[in-house]
Each structure stands twice: as C-alpha cells, then as structure tokens.
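Remarks on the overall topology
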Amino acid sequence: MRRKLLLGLATAMLAAPAAAQPSSTQGGAPSSVAAVAAVAPPPIVDMDVVVVSGVQPGPGLWKFHKGDRVLWILGTLSPLPKDITWLSRDMDAAIAQSQLALQPPRLSVSADIGLFGRLSLLPSMLKLRKNPGGAKLQDVLPADLYARWQVLKLKYIGRDNSVENWRPLFAASELYRAALKKSGLDETGIVGPAIRKAVEAAGIETRSTSLPLKVEDPKQTLKAFNATTLDDVACFRKTLDRLETDLAIMTTRANAWATGDIDALRALPYEDQHEACLNALTGSGFSQKLGMDDVQAQMAEHWYHAVDGALKEQRVVFTVLPISQLLKADGVVAKLQAKGFEVEAP
C-alpha cells in the first residue's frame with residue numbers, strides 16, 4: 001500500500017515551504033539591540049491597510065472553450081483575509097455545469113512502508129527542519145541578513161529561540177506564517193471548503209492531478225537530506241524582503257481578490273519568495289537524485305496532460321489554479337490559447 005511520506009518536505013516543495021511547529025525553547029539569548037542596530041537593517045514601516053471582512057463575492061472565473069468542450073478555472077490567491085465569508089455563486093454555478101472537478105497541481109511523495117515503518121522514520125523526519133551539525137541561523141547567514149531576521153523575528157514570533165536551530169528555508173516559512181497571522185491574513189484560505197461543498201452538492205467526481213514521486217529507500221533518503229546543506233539563503237532573504245516591503249501590498253491584493261477586483265490584481269506588483277525557496281530544494285544534489293530538479297516543469301506538464309485527458313472524457317470540467325498563473329502574460333491563458341482554446345476572462 002502506498003503511504004504518504006515526507007509530509008514536511010513535500011509541502012515545502014509546493015508553493016510555500018511547510019510551516020513547522022516550534023519545539024521547546026532552547027538555550028542561547030538573542031544578540032543585544034545594540035548589536036542589531038549596528039548593522040543598520042532597513043526600517044519596518046507599518047502601513048495602515050484595512051483587511052476586508054464579512055461576505056465577499058470573490059473573483060469571477062476564466063472560461064476556456066474549444067468546440068463543445070469547456071474548462072472553467074477559478075484563480076485562487078494566498079494569503080487571503082481570514083475573517084471573510086466567500087459568496088461563491090459563480091463557482092457554484094460552474095461546478096453545477098461540470099461533470100468533473102480537477103484538483104490543482106501538486107507533488108505526491110510516497111513510499112511502500114507500513115505503520116511501523118513510518119513510526120521508525122519519525123526521529124529522522126523531525127530533524128528535517130534543523131541545520132546539519134547543530135548549526136544555528138547566526139552561523140549560516142550573513143551578518144546583515146541575520147540582523148534583519150532578529151528585528152522581524154522579535155516583531156512577529158517573539159522571544160522563542162527554538163527556531164534559531166532551523167534551516168533558513170524553514171525559519172523563513174515560520175516567520176512568514178507568523179507575520180500573516182498578525183496581519184489578519186491566512187494561508188489556508190476559504191477556497192478549499194467551498195469547493196468541496198459545491199462538488200458534493202453537484203455529485204461529481206474529483207480527480208487528482210498530483211505528480212507522483214516514489215521514494216524507494218525512505219530511511220536513506222531522510223538520512224541524506226538531514227546531512228545536506230541547502231543553498232537557501234536567497235529564499236531567506238527574499239522572504240525578509242517581502243515582509244519588509246510587500247506586506248501592505250499583500251493585504252491590498254487579498255482585498256482585491258475578495259471583492260472580485262481583477263483589474264486591481266493585474267495592476268498590483270507580485271513579488272513571490274516561494275520560487276526561490278523551491279529552487280533551494282530542487283537545486284540541491286539530494287533533490288536531483290530524486291528526480292526533482294525540474295519539478296515545477298514536471299508538475300505543469302502533468303497538469304496539462306490531466307486537463308487534456310479530462311476534456312476527452314467530459315464536456316465540462318472545473319479546476320483551480322493560482323491566479324498569478326492566469327494573470328501572467330506567458331502563463332496558463334497563453335498556453336491554453338496556443339492549444340486552440342478560446343478564452344473569456346472575468
């Protein structure tokens with residue numbers, strides 16, 4: 001039986017790194033305020049941006065059609081305001097017309113192990129987020145970057161020092177999650193539950209588009225990852241850049257999605273640290289041995305193949321994608337048009 005494995009690693013390889021729960025506080029006090037100030041990190045500006053709440057319409061859907069075949073795509077966004085109720089009438093209507101709902105692209109990591117096999121791997125899995133050799137963030141980051149980290153960590157995480165032992169990629173993810181929470185934003189979102197409810201009401205099939213990755217020797221794979229040093233400083237730096245400069249824009253962007261303002265979404269700049277974080281994983285020798293060095297391209301190709309197959313079977317198909325992929329000039333819209341689809345944007 002195929003069992004899911006490496007949940008933290010697999011999640012980290014999708015759009016955002018996995019947010020791990022902090023372990024108990026470990027020794028080591030943070031550097032003094034004077035030491036931090038000496039490096040002169042960029043100032044953090046608190047922007048007065050109000051997060052929308054209450055019932056909101058959300059965005060319209062993209063309609064792609066070729067002959068008598070129709071593909072409905074809902075553009076999703078993360079993060080979103082956590083205190084909104086989504087009035088998803090357009091999506092509900094599209095799903096009601098469909099005969100099949102495709103899940104978004106993902107990577108599915110698995111191995112043929114049983115319950116006891118999974119339990120035996122837990123100690124190694126818990127080490128995934130920690131730096132090899134017991135190194136701390138201060139040991140692996142440039143001084144200026146570590147100083148910026150201390151300012152943001154104190155602002156959003158507080159004085160818990162357990163995260164100081166984590167790899168930069170996972171520490172950045174924890175900081176990002178904490179910053180969103182304090183800003184009234186939520187990565188988990190409201191889209192998934194609304195889709196499941198509409199699909200159940202329509203009584204249609206849901207089909208995975210996940211790219212499968214089989215780990216042949218999970219114990220050795222975990223051991224190799226735990227000993228691997230990732231080139232994740234760029235991921236860490238871009239996450240800090242985004243929190244220092246883009247948090248207000250993230251809120252404005254989330255409001256635009258919630259109110260269905262596609263023009264505003266097109267106009268807003270979109271800086272995303274997740275690609276740098278994904279590259280930190282897929283660019284390592286460890287990941288290349290698993291065949292994950294071009295995982296984004298593999299997932300995209302697998303998704304297009306799944307769409308082609310679904311539309312051969314069914315007349316109307318519904319799916320979801322990150323809205324950034326629909327708004328990019330060379331993104332999904334252009335690629336489906338090249339395949340002969342006509343498009344009606346919301």
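Every chain's residues receive numbers from 1 upward, in the order its sequence appears when written. Two thresholds apply to this predicted model, a pLDDT of at least 70 for residue-level local features and 80 or more for giving and counting side-chain atom pairs, whereas whole-chain, interface and lining totals are computed over all residues. Computation of side-chain values: all heavy atoms of the structure, hydrogens and water removed.

1. What to know about the pairing of strand S4 (residues 69-76)
Exposure classes here rest on a 1.4 Å probe applied to the protein chains alone. A residue is buried below 20% of its type maximum, exposed above 50%, and partly exposed in between. Labels follow the DSSP assignment, with helices taken as runs of H or I lasting at least four residues and strands as runs of E lasting at least two, numbered in each case from the N terminus. The element S4 is largely enclosed, with a buried count of seven among its eight residues. Strand pairing requires that DSSP identify at least two bridges connecting the strands. Strand direction decides the pairing type here: strand S3 (residues 61-66) and S4, joined by six bridges, are antiparallel. Within S4, the position partnered with tryptophan 62 by the bridge is isoleucine 73. What sits between the antiparallel neighbours S3 and S4 is a turn of two residues, in which glycine 67 has the positive phi angle 65°. Note: S4 against strand S12 (residues 316-322), seven bridges, orientation parallel. Bridge pairing in S12 links leucine 71 to valine 317.

2. Description of the sheet that holds S3
Taken in spatial order, the six strands of this open sheet run S10-S7-S12-S4-S3-S13, and their pairing is mixed. The open sheet terminates on both sides in strands that have one partner only, identified here as strand S10 (205-207) and strand S13 (342-344). Averaged over all adjacent pairs, the angle separating strand axes in this sheet is 25°, with direction ignored. All axes here are fitted lines through C-alpha atoms, helices being fitted over the stretch that makes contact, and every angle between N-to-C directions spans 0 to 180 degrees.

3. Digging into the environment of tyrosine 176
Relative to the helices and strands, tyrosine 176 resides in helix H7 (residues 168-182). Look at tyrosine 176 and you get buried, because its relative accessible area is 3%. Expressed as a C-alpha distance, the spacing of tyrosine 176 and tyrosine 156, which sit 20 residues apart in the sequence, is 8.6 Å.

4. Topic: the side chain of serine 98
The residue serine 98 is located in the loop between helix H3 (89-97) and strand S7 (100-102) in this model. As used in this structure description, the phrase polar contact means that two N or O atoms lie within 3.5 Å; if the pair is within protein, one of them must be able to donate a hydrogen and the other to accept it, and residues adjacent in sequence are counted only when both atoms belong to side chains. A distance of 2.7 Å separates a polar atom in the side chain of serine 98 from the backbone oxygen of alanine 94.

5. Some details on the nonpolar core
Residues grouped as a nonpolar core are buried Ala, Val, Leu, Ile, Met, Phe, Trp, Tyr and Cys residues, joined through side-chain atoms within 4.5 Å. One finds Phe64, Ile73, Met91, Trp257 and Phe318 to be the most contacted residues of the largest nonpolar core, which totals 46 residues. Contacts: residue pairs with any heavy atoms within 4.5 Å of one another. Excluding its chain neighbours within four sequence positions, the residues that come into contact with methionine 91 are Leu61, Leu74, Trp86, Ala194, Ile195, Ala198 and Phe318. Counting residues in each nonpolar core, the second largest holds 27 residues, with Val163, Leu185, Leu247 and Met250 among its members.

6. Things to note about the pattern of salt bridges
Here a salt bridge means any side-chain nitrogen of Lys or Arg lying within 4 Å of a carboxyl oxygen belonging to Asp or Glu. The final tally for this structure, using the stated rule, is 10 salt bridges. Among the ionic pairs, glutamate 174 bridges to arginine 177, the shortest N-O distance being 2.9 Å. Highlighted residues: glutamate 174 and arginine 177, both in helix H7, separated by three residues, approximately one helical turn. For glutamate 174, a relative accessible area of 3% corresponds to the buried category. According to the relative accessible area criterion, arginine 177 is partly exposed, its value standing at 31%. As a salt-bridge pair, glutamate 313 and arginine 207 come within 2.9 Å of each other at their nearest N and O atoms. With a gap of 106 residues between them, glutamate 313 in helix H15 (residues 295-313) and arginine 207 in strand S10 connect regions that are remote in the sequence. On the accessibility criterion, glutamate 313 (47% relative accessible area) is partly exposed. Take arginine 207: its relative accessible area is 23%, and that puts it in the partly exposed class. Taken together, the shared-partner salt bridges in this structure form one network comprising Arg148, Asp241 and Glu244.

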